[in-house]
Every structure is written in structure tokens, then in C-alpha cells.
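# An overview of the molecular structure
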Amino acid sequence: MGKKSRKNHGSSAGLVLALIAISLVIALWQWIVLGILLWALFRVLWKIHLRKDAGRVPQQAKRRPAQSAPPRTSPVPGRALAPAGRKPHPKPARELPAPDYLPRWTTDRRFHADREHHDWQRQFDSMV
């Protein structure tokens, strides 16, 4: 007669671990489902929060342009007329500010830039 065939040549630790894992899933299935539902709910709420904030960009108060003075039809008394055809050379009002004066890229500026980009992307997607 021949030898008996044994498929499991060693300890059955893998089978024991699988049975423990299955029993834990069966015992804690309600908590697992609750965790998955809470995770999905927070993801949806976070997306809604980001979209709601991205729509509102603080608008600066719009100012009316200053009303221009009417054109003069007669020369101003006491002031000499400039020769025609000759324009003064433009000069810079002042030099560039020192590097430490320039504004920094703060988190608030980055936040508004992200919101503006999101609005631009939404507008671009809606045009297509």
C-alpha cells in the first residue's frame, strides 16, 4: 500500500489567524459599517465646504471714477503754453521698494489664490 497524502505539512497557524480575523469581522461588523459611513459622510461634507467657500471671493468696494474736469477752451492766465510736439520724458516716481518691504506669500493669500483658481476651473469646465 502507498503512503497517505497530507496536504497540510506543518502547523495550521494561517487557518487559525483567518478564523480569528473572520470572527472579529463578524463580531464588529456594525462598528466597521459605522466607520465607513462616517468616513464617506465627512468626505462629502468636506467637498461641499470647499465648494461653498470657493464661490465667495471677498469683493472690494467699487468706487466711482473721479469725474474729469471739462476741457479748457481758453488758456490759463499767467501760465506759459508748452511748445507743441515735444513731450517730457517719463521718469519713475521712485525706485523699487526694498525686498523686505515686498508682501510675503501668506497662507491667507494662498487660500484666496486657491479659491480663485477653483472658480476659474469651474467656469472653464462649464464653458466646454
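Basis of the calculations
- Residues numbered from 1 in each chain as written.
- Predicted model: local features only at pLDDT ≥ 70, side-chain atom pairs only at ≥ 80, totals over all residues.
- Heavy atoms only, no water.
- Helix = DSSP H or I, 4+ residues; strand = E, 2+ residues; numbered from the N terminus.
- Areas by Shrake-Rupley, 256 points an atom, 1.4 Å probe, with all protein chains shown as cover.
- Phe/Tyr/Trp six-rings, centres within 6.5 Å; stacked < 30°, edge-to-face > 60°.
- Buried < 20%, exposed > 50% of the residue type's maximum accessible area, 1.4 Å probe, protein only.
- Salt bridge = Lys/Arg side-chain N within 4 Å of Asp/Glu carboxyl O.
- pLDDT = per-residue confidence, 0-100.

Moving on: the overall build of the protein. Secondary structure assignment for the protein yields three helices and zero strands. As displayed, the protein has an accessible area near 13,800 Å², and 63% of this comes from carbon and sulfur atoms.

Before going further, it helps to spend a moment on the packing of aromatic side chains. With the rule as written, the count across this model stands at one aromatic pair. Judged by centre distance (5.3 Å) and plane angle (15 degrees), the rings of Trp120 and Phe124 are stacked. Of the two residues, Trp120 and Phe124 are both situated in helix H3 (residues 107-127); the distance of four residues between them amounts to about one turn of the helix. Owing to a relative accessible area of 46%, Trp120 belongs among the partly exposed residues under this scheme.

This structure, assessed with the given rule, holds one salt bridge. Asp119 is the partner of Arg122 in a salt bridge, and the nearest nitrogen-oxygen pair spans 3.2 Å. On the criterion of helical spacing, the pair formed by Arg122 and Asp119 is a turn pair, its members being three residues apart in helix H3. On the basis of relative accessibility, which here comes to 17%, the residue Asp119 falls in the buried class.

Once that is clear, we can look at the confidence of the model for the protein. Across the protein, pLDDT averages 77, with 70% of residues at or above 70. The least confident element of the protein is H3, whose mean pLDDT is 82; the most confident is helix H1 (residues 13-27), at 92.

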